[in-house]
Amino acid sequence: MTSSRRKFVTTIGSAAALGLAGCVETTDTSEDTTTTATETTTEAGTTTTTGGTTASESGEPPQLRMGTSEAYVGAVSTSAGGWVEEAFESEHKVEFDWVVRDNELNDFIRRKQQGVDLGADGYVGVTPTALVRADRELDESLFAGFDTGGVDNTGDVVDAYWFDPQRRVLPTGASYVCIVYDENEVPEPETLEDLTTEEFSDGLLLPNPQNTVTGLSFLLWTVHEFGEDGYLDYWNRLVDNGLQTTGSWNAAYSAYSGEEAPMVMSYSTDQVYASQAEDTDMSRHQIGFPNDQGYAYVSGTAKFDGTERGGLVDDFASFMLAADTQRNVAEKNVGIPTVSDASLPEDLQQYVHVPDEKLQYGYDTLRENADDWREAVAQRIASQ
């Protein structure tokens, strides 16, 4: 496979970007994913699957299709998708396709509801809130369970990063939502309340909580800080102070890069990306943790229920959790490895910031409340 080949399968739909920033969003229907030899018949003829890799009589390599977000393969900062594709193809001798759709994971949820072919074998970038949405809206699980005994390195996943009680989603990406700010224009906001004061008026760019993980994570942060009885009053003050919202993280970060505002809600690993660009003014990439807090962003890799390439998805999951992959993806996707046996290169570790207090709601709380909180804030933003 040549390095220039980047294939994406796309469909047209309304924009609802997942907002995976550079760091880049239950019913147990797990299946036995032990990689034993099986035999199926396709248009190309009889194929055999051994250890998850399928070779047809025609000699064509097996194909694996993984869904993901546009940000994972083409973020405004940097992205890991191209490297993942080429490295996995080279290691496993497969034909790998990214499947990117405008509605991202929501598209696959709709397809499952309609009983039509998903068009992919799994998904990279499943977040806790996306998992909750899929479980709530579907009668049957969108995801199949992994046989973790058949997926390498699951034992090294940091305990705090597991967010699926059934472990259908393997954590493969992490960072913390925080404020990135230009210290030449504004001081570091010490508290969330500071963002509602005149000193920070018209200063914050926020990916919309209605359709981005970044914005939703900030919303969950405010609920944690102000409580269910006080978070909407906080959002009223925030909107009245000139909050600017965008439809995606890419749009917000692009606007910030164009100096349209002195602050953007982004990720605590922003300096990893900034440090690798030429002539970067690091004063414009300062990391702020109001209240000494940051909301954990974790995403994972999952297998779609019903895929005929389950063994190959297991191989891909092992690849995604391997220490070398975790190092490369974290650097390229500007994030933090999710396994304990991997870390960013030493020269980049100084740019990784972690809050004193790490916030993250659990599965049950998100399933019960997240949509109501999001809808209430969306109505307030829409009225500005």
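Residues numbered from 1 in each chain as written. Predicted model: local features only at pLDDT ≥ 70, side-chain atom pairs only at ≥ 80, totals over all residues. Heavy atoms only, no water.

## Notes on the overall build of the chain
For step 1, the next point in the chain: From N to C terminus, the chain includes 12 helices and 15 strands.
For step 2, the next point in the chain: Sorting the 384 residues of the chain into buried and exposed places 55% on the buried side.
For step 3, the next point in the chain: For the chain, the accessible area works out to roughly 15,600 Å², and carbon and sulfur atoms hold 41% of it. (Helix = DSSP H or I, 4+ residues; strand = E, 2+ residues; numbered from the N terminus. Buried < 20%, exposed > 50% of the residue type's maximum accessible area, 1.4 Å probe, protein only. Areas by Shrake-Rupley, 256 points an atom, 1.4 Å probe, with all protein chains shown as cover.)

## Let's talk about the environment of Asn236
For step 1, the next point in the chain: Its place among the elements puts Asn236 in helix H6 (residues 231–240).
For step 2, the next point in the chain: The class of Asn236 is partly exposed, set by a relative accessible area of 26%.
For step 3, the next point in the chain: On a C-alpha basis, the gap between Asn236 and Thr196 in space is 9.2 Å, while along the polypeptide they are 40 residues apart.

## Examining the pairing of strand E12 (residues 263–267)
For step 1, the next point in the chain: Extensive coverage of E12 is indicated by the burial of five of its five residues.
For step 2, the next point in the chain: Bridge analysis of strand E9 (residues 169–181) against E12 gives five bridges, and the strand direction is antiparallel. When the sheet's bridge partners are listed, Val177 is paired in E12 with Tyr267.
For step 3, the next point in the chain: Where strand E10 (residues 204–207) and E12 come together, two bridges link them in parallel fashion. If you follow Leu205 over to E12, its bridge partner there is Val264. (Pairing = 2+ DSSP bridges.)

## Some remarks on the side chain of Asn241
For step 1, the next point in the chain: One can find Asn241 in the loop between H6 and strand E11 (244–246).
For step 2, the next point in the chain: A relative accessible area of 13% means that Asn241 is categorised as buried.
For step 3, the next point in the chain: At 2.9 Å, the side chain of Asn241 forms a polar contact with the backbone oxygen of Leu195.
For step 4, the next point in the chain: Among the polar contacts made by the side chain of Asn241, one reaches the main-chain carbonyl oxygen of Thr197 at a distance of 2.8 Å.
For step 5, the next point in the chain: Sequence-distant contacts of Asn241, defined by excluding residues within four places in its chain, comprise Leu195, Thr196, Thr197, Glu198, Phe200, Ser201 and Asp202. (Polar contact = N/O pair within 3.5 Å; in protein donor to acceptor, adjacent residues only side chain to side chain. Contact = heavy atoms within 4.5 Å.)

## Overview of the pattern of salt bridges
For step 1, the next point in the chain: In total, this model carries 15 salt bridges according to the counting rule given.
For step 2, the next point in the chain: Among the ionic pairs, Arg65 bridges to Asp121, the shortest N-O distance being 3.7 Å. Of this pair, Arg65 sits in strand E5 (residues 63–68) while Asp121 sits in the loop between helix H3 (105–114) and strand E7 (122–126), and the two are 56 residues apart along the sequence. Accessibility classification places Arg65 together with Asp121 in one group, the buried group.
For step 3, the next point in the chain: Where Asp164 meets Arg168, a salt bridge forms, and the shortest distance between an N and an O atom there is 3.0 Å. The same class applies to Asp164 as to Arg168, namely buried. (Salt bridge = Lys/Arg side-chain N within 4 Å of Asp/Glu carboxyl O.)

## Here we look at a negative patch on the surface
For step 1, the next point in the chain: Taken together, Glu188, Glu190, Glu225, Asp292, Asp356 and Glu357 make up a surface patch of like negative charges.
For step 2, the next point in the chain: Locating Glu225 in the fold gives a position in helix H5 (residues 213–226). (Patch = residues over 30% accessible without salt bridge, like charges linked within 9 Å, V, L, I, M, F, W, Y side chains within 5 Å. Lys, Arg positive; Asp, Glu negative; His and termini not counted. Charge placed at Lys NZ, Arg CZ, Asp CG, Glu CD.)

## Quick notes on the packing of helix H2 (residues 81–92) against helix H9 (residues 310–321)
For step 1, the next point in the chain: Here H2 crosses H9 at 120 degrees, and the two axes come no closer than 11 Å. By the criterion of interaxial angle, the relationship of H2 to H9 is oblique. H9 is crossed by H2, and the crossing has right-handed handedness. Mapping the contact onto sequence places Trp83, Val84, Ala87, Phe88, Glu91 and His92 in H2 and Leu312, Asp315, Phe316, Phe319 and Met320 in H9.
For step 2, the next point in the chain: For the contact of H2 with H9, the residue count by class is eight nonpolar, one polar and two charged. (Axes fitted to C-alpha atoms, helices over the stretch in contact; angles between N-to-C directions. Parallel < 35°, antiparallel > 145°, perpendicular 65-115°, else oblique. Left-handed = near helix turned anticlockwise from the far one by under 90°. Nonpolar A, V, L, I, M, F, W, Y, C, P; charged D, E, K, R; others polar.)

## Thoughts on the nonpolar core
For step 1, the next point in the chain: Counting 72 residues, the largest nonpolar core has Leu105, Leu142, Phe143, Leu195, Phe218, Trp235 and Phe304 as its most contacted members.
For step 2, the next point in the chain: Considering each element in turn, this core owes the most residues, eight residues, to E9.
For step 3, the next point in the chain: Ignoring sequence-local partners within four residues, the contact set of Trp235 consists of Leu206, Pro209, Phe218, Leu219, Thr222, Leu243, Val377 and Ile381.
For step 4, the next point in the chain: In this structure, Tyr72, Phe146, Trp162 and Leu321 belong to the second largest nonpolar core, which totals 29 residues. (Core = buried A, V, L, I, M, F, W, Y, C linked by side-chain atoms within 4.5 Å.)

## Considering the confidence of the model for the chain
For step 1, the next point in the chain: Residues of the chain with pLDDT of at least 70 account for 84%, and the chain-wide mean is 85.
For step 2, the next point in the chain: Here residues 1–54 is a poorly scored stretch, pLDDT under 50, and it has 165 contacts once near neighbours within four places are set aside; other chains count. (pLDDT = per-residue confidence, 0-100.)

## Things to note about the pairing of strand E14 (residues 293–304)
For step 1, the next point in the chain: For E14, the tally of buried residues reaches 12 of 12 residues, placing the bulk of the element in the interior.
For step 2, the next point in the chain: Across four bridges, the pairing between E7 and E14 is antiparallel. Counted as the bridge partner of Tyr123 is Ala302 from E14.
For step 3, the next point in the chain: Where strand E8 (residues 143–144) lies against E14, two bridges are found, and the strand directions are antiparallel. Paired with Phe143 across the two strands is Phe304, which belongs to E14.
For step 4, the next point in the chain: Where E9 meets E14, eight bridges bridge the pair, whose relative direction is antiparallel.

## As for the packing of aromatic side chains
For step 1, the next point in the chain: Counted according to the given criterion, the structure contains 19 aromatic pairs.
For step 2, the next point in the chain: One aromatic cluster is present, built from ring pairs that chain together Tyr72, Trp83, Phe88, Phe96, Trp98, Phe316 and Phe319.
For step 3, the next point in the chain: Over the ring of Trp162 we find Arg167, and its NZ or CZ is 4.0 Å from the ring centre.
For step 4, the next point in the chain: Directly above the aromatic system of Tyr256 lies the positively charged group of Arg284, at a separation of 4.5 Å from the ring centroid. (Phe/Tyr/Trp six-rings, centres within 6.5 Å; stacked < 30°, edge-to-face > 60°. Lys NZ or Arg CZ within 6 Å of the ring centre and 35° of its normal.)

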